[in-house]
2 protein chains.
Amino acid sequence: MGIADVASMAGVSHATVSRVMNGNTTVDADIAARVRAAASELKYKPNPVGRSLALGKTDTIGIVVPDLSNPTFQAILRGLSIAAARDGYRVLIADSSEVSSEEAILAGEARRRCDGVVLCAPRMSDADLEELAPTLYPLVLINRTTESVPTPSLVVDYGQGIQELAAHLVELGHRKLAYLTGPDRSASNVQRLRGLEKFTAEFPDVELQFIPGGNTFDAGFESSDAVAACGATGILVFNDVAAMGLLSGLSERGIRVPEDLSLTGFDDMPFARYTMPPLTTAAVPISDLGDLAWRRMREQIQTNDAASPTNYFPPRIELRGSTGPVKA
Amino acid sequence: MGIADVASMAGVSHATVSRVMNGNTTVDADIAARVRAAASELKYKPNPVGRSLALGKTDTIGIVVPDLSNPTFQAILRGLSIAAARDGYRVLIADSSEVSSEEAILAGEARRRCDGVVLCAPRMSDADLEELAPTLYPLVLINRTTESVPTPSLVVDYGQGIQELAAHLVELGHRKLAYLTGPDRSASNVQRLRGLEKFTAEFPDVELQFIPGGNTFDAGFESSDAVAACGATGILVFNDVAAMGLLSGLSERGIRVPEDLSLTGFDDMPFARYTMPPLTTAAVPISDLGDLAWRRMREQIQTNDAASPTNYFPPRIELRGSTGPVKA
DNA sequence: CTGAAAGCGCTAACAT
DNA sequence: ATGTTAGCGCTTTCAG
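Please read all numbers here as calculations on a predicted model, not as lab measurements. (Residues numbered from 1 in each chain as written. Chains lettered and ligands numbered in written order. Predicted model: local features only at pLDDT ≥ 70, side-chain atom pairs only at ≥ 80, totals over all residues. Heavy atoms only, no water.)

Quick look at the relation of the copies chain B and chain A now. Here the two chain copies are tied together by a rotation about an axis and a shift along that axis. With an axial shift of 0.0 Å and an RMSD of 0.1 Å, the rotation relating chain B to chain A amounts to 180°. Such values leave the two copies arranged in the relation of a two-fold axis. Of every C-alpha in chain B, the one belonging to B:L92 sits nearest the axis of rotation, 2.2 Å from it. Comparing interface residues between copies, 100% of those in chain B also sit at the interface in chain A, which points to an isologous, same-surface contact. (Least-squares fit on C-alpha atoms with pLDDT ≥ 70 in both. Contact = heavy atoms within 4.5 Å.)

Below is the structure:
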């Protein structure tokens with residue numbers, strides 16, 4: 001059931017079958033009909049691998065994610081997959097399981113199997129990224145940028161978001177804040193820290209301390225004691241997941257939110273609005289991100305040109321119940 | 001930078017390069033070294049498409065899911081992807097966006113690009129599934145079974161789980177129960193209904209009514225009034241997501257859980273234990289599912305034999321705060 | 001408008 | 001032990 005069978009059944013050459021299957025209109029109508037009849041009779045569908053080899057393209061793009069259990073990457077994957085599907089492209093996944101040394105290898109492999117790669121590599125060093133990027137073209141970066149090679153980047157402005165959250169706490173009267181940090185080597189954690197530097201420059205009278213945290217529910221949960229002891233009244237947590245963990249830990253210790261402590265998350269995950277109390281957070285338009293990632297990829301595939309600016313996504317602050325006026 | 005370049009640089013034939021790249025030990029050590037030197041000099045990596053065409057395999061498996069935003073399928077995808085990666089296989093995604101007519105087409109396409117397909121098609125009719133299954137071999141089914149063709153199936157015993165949840169409510173003294181249903185055509189909803197039939201047979205004195213619901217947060221939320229009005233004191237909800245929606249809606253209406261109403265979910269999603277109150281639910285070992293799906297797939301790929309039994313996964317009941325004794 | 005033939009990059013049987 | 005050759009399934013020049 002290859003092209004040859006259809007050809008012999010229709011009494012024509014492979015070439016003609018190929019032409020018909022690809023909608024080449026220079027084929028005689030009668031012959032085309034005969035070919036189509038044979039094809040549907042044999043339920044023939046062109047072999048994509050053969051096609052890929054001949055055409056030099058696979059109609060597939062790869063996405064490298066550090067961790068598929070992270071809702072952010074799930075949402076990007078979903079947006080990307082749906083957008084790509086609309087244009088007849090498929091998505092191949094590579095989960096690096098948070099092992100940054102694997103990211104480069106996986107990305108390279110994915111690139112060889114696919115027509116392009118979307119890379120989410122928050123832990124990779126800048127140097128490695130600069131070296132890797134040119135070998136991956138067409139490439140779309142998520143939450144990273146490159147200096148040497150121009151590469152379309154989609155970056156969420158975490159610094160801006162956390163500044164706004166901090167300013168919100170100040171507005172509520174909080175003067176002692178703490179940031180429960182994310183993973184040390186996380187690029188987006190660094191961006192938040194930079195944003196907080198600007199914040200302290202702008203509000204020199206506000207005290208801001210840093211508590212080591214993480215990006216997991218458990219990390220947040222286990223920071224409860226440190227947070228409770230630190231004396232701050234407004235807590236900026238790395239992300240929603242950790243914030244929920246903290247929320248849970250605080251609740252177990254009888255510390256009320258927002259009466260005793262105000263708390264902010266980051267990401268606006270689906271369930272952030274349904275925690276108790278609902279989480280004040282910064283909404284990241286992640287499904288748009290996946291969608292736009294595909295558009296940037298398509299541009300490169302179509303025009304063969306990587307010259308595309310970095311897109312910054314300003315988070316939208318969602319004021320909910322986990323923040324309130326400082327205790328008198 | 002294909003195999004030919006390496007061959008000419010090393011002064012040997014393509015065939016020898018191929019042998020070296022594939023670890024064929026019959027190659028002279030010196031020549032092998034020369035080839036490897038040339039390969040690394042040119043940063044040569046075999047083209048997977050060419051390889052696939054020659055070998056008739058792609059080292060890729062496809063997974064068809066109805067909706068990537070559903071935590072269940074995310075977890076299966078993740079488990080599958082990680083397990084497959086351990087054996088050097090990659091995963092190609094096809095999201096049917098809950099359009100059941102797309103499922104068959106996507107599955108067929110995926111199969112042509114991949115060495116096998118894992119199919120999650122809860123909405124597809126039995127007839128369509130029976131027809132499709134033989135064309136997809138090697139195939140692993142999730143939460144579906146076939147009659148005509150033997151196909152490895154992994155099915156969560158939803159009927160068993162919901163029976164146990166209902167029995168738990170009875171034990172707490174509830175005599176008026178309601179089931180907030182899932183999507184009509186969902187196979188797993190049908191299984192729950194069957195389980196509930198057995199339940200009513202076993203507990204004829206317990207009243208059980210059915211309220212149309214859905215599988216989304218909003219569906220649960222919007223059912224709040226119907227649930228509040230139905231007179232039941234124990235509510236079995238299709239899944240955790242809908243249960244959280246209902247929880248939220250009830251809370252807005254001032255109905256307390258579990259004091260006024262007991263509530264159960266299904267799936268034990270990551271955040272089920274962190275709702276307010278924490279959700280009593282049936283835990284489905286979904287990441288094991290992804291893992292096992294890969295093992296079943298690998299068996300078929302290796303032995304070329306589909307004869308594998310259906311695996312039933314009994315859910316584990318998680319008793320939490322959303323269920324309590326019936327109001328006196 | 002159609003067929004013959006080359007070629008995409010690789011593997012493997014065959015021959016030396 | 002290595003090179004030559006065929007072939008995986010398809011597209012696409014090139015002749016006719």
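Text resumes after the structure shown.
Attention now goes to the interface of chain B and chain A. Across the contact, 35 residues belong to chain B and 35 residues belong to chain A. Three residues stand out in chain B for area buried against chain A, namely B:R112, B:R113 and B:F271, and they jointly supply 19% of the buried area on that side. Along the contact surface separating chain B from chain A lie six salt bridges. With a shortest N-O distance of 3.1 Å, A:R90 and B:E109 are connected by a salt bridge. Our count for the contact surface shared by chain B and chain A stands at nine residue pairs in polar contact (both at pLDDT 80 or more). Counting only elements with at least two residues in the side of chain B that touches chain A, the list comes to α4 (48-55), α5 (71-86), β2 (90-95), α6 (100-113) and α12 (240-252) of chain B. Its residues placed into classes, the side of chain B that touches chain A shows 17 nonpolar, nine polar and nine charged. Alignment of strand β2 (residues 90-95) of chain A against β2(B), held across three bridges, turns out to be antiparallel. Note that in β2(B) the partner of A:L92 across the bridge is B:L92. (Buried area = accessible area lost by both parts, 1.4 Å probe. Salt bridge = Lys/Arg side-chain N within 4 Å of Asp/Glu carboxyl O. Polar contact = N/O pair within 3.5 Å; in protein donor to acceptor, adjacent residues only side chain to side chain. Helix = DSSP H or I, 4+ residues; strand = E, 2+ residues; numbered from the N terminus. Nonpolar A, V, L, I, M, F, W, Y, C, P; charged D, E, K, R; others polar. Pairing = 2+ DSSP bridges.)

What follows concerns the pairing of β2(B). All names here are of chain B. Across the six residues of β2, six count as buried, placing the element largely inside the fold. Of the two faces of β2, the one lined by R90, L92 and A94 and the one lined by V91, I93 and D95 are each fully buried. With respect to chirality, the unit in which strand β1 (residues 60-65) leads through α5 into the neighbouring parallel β2 is right-handed. (Buried < 20%, exposed > 50% of the residue type's maximum accessible area, 1.4 Å probe, protein only. Right-handed = clockwise from strand over helix to strand, strands pointing away.)

Turning next to the protein's contact with DNA strand C. In the neighbourhood of DNA strand C, 25 residues make up the surrounding shell, with A:D28, A:I31, B:I3, B:S18 and B:Y44 lying closest. In the interface set of DNA strand C, defined as its atoms within 4 Å of the protein, sugar plus phosphate atoms amount to 71%. The separation between a phosphate oxygen of DNA strand C and a polar main-chain atom of A:D28 is 2.6 Å. Separating a base oxygen of DNA strand C from a backbone N or O atom of A:L53 is a distance of 3.5 Å. Put simply, the parts of the chain that give the surface near DNA strand C at least two residues each are α2 (14-21) and α4 (48-55) of chain A together with α2 (14-21) and α4 of chain B. Considering every element that reaches the surface near DNA strand C, the biggest residue donor is α4(B), with five residues. Considered class by class, the residues forming the surface near DNA strand C number 13 nonpolar, eight polar and four charged. (Near = heavy atom within 4 Å.)

This part covers α2(A). Residues and elements named next belong to chain A. Three or more residues of α2 are buried, namely T16, V17 and V20. With its buried residues spanning 100° around the axis, α2 presents them on a single face. Residues of α2 that are buried make contact with α1 (3-10) and α3 (29-41). G23 sits one or two positions beyond α2 and adopts a positive phi of about 70°. (Arc of directions from axis to C-beta.)

All right, on to the nonpolar core then. Ranked by internal contacts, the top residues of the largest apolar core, which has 88 residues, are A:L77 and B:L77. Apart from the residues within four sequence positions on either side, B:L77 is in contact with A:L68, A:L77, A:I93, B:I63, B:L68, B:V91 and B:I93. Judged by nonpolar contacts, the second largest core, of 46 residues, contains A:I211, A:V257, B:A232 and B:A272. (Core = buried A, V, L, I, M, F, W, Y, C linked by side-chain atoms within 4.5 Å.)

To continue, consider the side chain of A:S96. If you trace the backbone, A:S96 turns up in the loop between β2 and α6 (100-113). Excluding residues that lie within four positions of it along the chain, A:S96 makes contacts with A:V65, A:P66, A:E102, A:E103 and A:L106.

Turning to the protein's contact with DNA strand D, a few remarks are in order. Not every one of the 26 residues close to DNA strand D is listed here, only the nearest: A:I3, A:S18, A:Y44, B:D28 and B:I31. Here DNA strand D approaches the protein such that, of its atoms within 4 Å, sugar and phosphate make up 68%. Here A:S18 contributes a side-chain N or O atom positioned 2.6 Å from a phosphate oxygen of DNA strand D. A:G50 places a main-chain nitrogen or oxygen 3.1 Å from a base nitrogen of DNA strand D. Secondary structure elements with two or more residues in the surface near DNA strand D: α2 and α4 of chain A together with α2 and α4 of chain B. It is α4(A) that contributes the most residues to the surface near DNA strand D, five residues altogether. Looking at the surface near DNA strand D residue by residue, the class counts come to 13 nonpolar, nine polar and four charged.

All names here are of chain B. Spatial strand order, β7-β6-β8-β9: four strands in an open sheet with parallel pairing. Only two strands of the sheet have a single partner each, and these edge strands are β7 (207-211) and β9 (262-264). Adjacent strand axes in the sheet meet at a mean angle of 20° when their direction is disregarded. Across three bridges, the pairing between strand β8 (residues 234-237) and β9 is parallel. For G234, the partnering residue across the bridge sits in β9 and is S262. Of the strands in this sheet, β6 (176-180), β8 and β9 are in contact with helix α8 (residues 158-171), which crosses β8 at around 165°. Across the sheet, α12 lies against β6, β8 and β9, angled at about 155° from β9, the strand it touches most. (Axes fitted to C-alpha atoms, helices over the stretch in contact; angles between N-to-C directions.)

Opposite charge on two side chains makes pairing possible when the charged atoms of those side chains draw close. Scanning the entire structure with this criterion turns up 32 salt bridges over all chains. Connected through salt bridges with shared partners, the residues A:D268, A:R316, A:E318 and A:R320 form a single ionic network.

A separate point is the environment of B:R113. Relative to the elements of secondary structure, B:R113 occurs in helix α6. Sequence-wise, B:R113 and B:T58 are 55 residues apart; in three dimensions their C-alpha atoms are separated by 7.3 Å.

Residues and elements named next belong to chain A. Pairing in this open sheet of four strands is parallel, and the strands run β7-β6-β8-β9 from one edge to the other. Both outer strands of the open sheet, β7 (207-211) and β9 (262-264), are each paired with one neighbouring strand and no more. Each strand axis lies, on average, 20° off the axis of its neighbour in the sheet, ignoring direction. Along the sheet face, helix α8 (residues 158-171) touches β6 (176-180), β8 (234-237) and β9 and points at about 165° away from the line of β8. With respect to the sheet, helix α12 (residues 240-252) is in contact with β6, β8 and β9, its orientation differing from that of β9 by roughly 155°.

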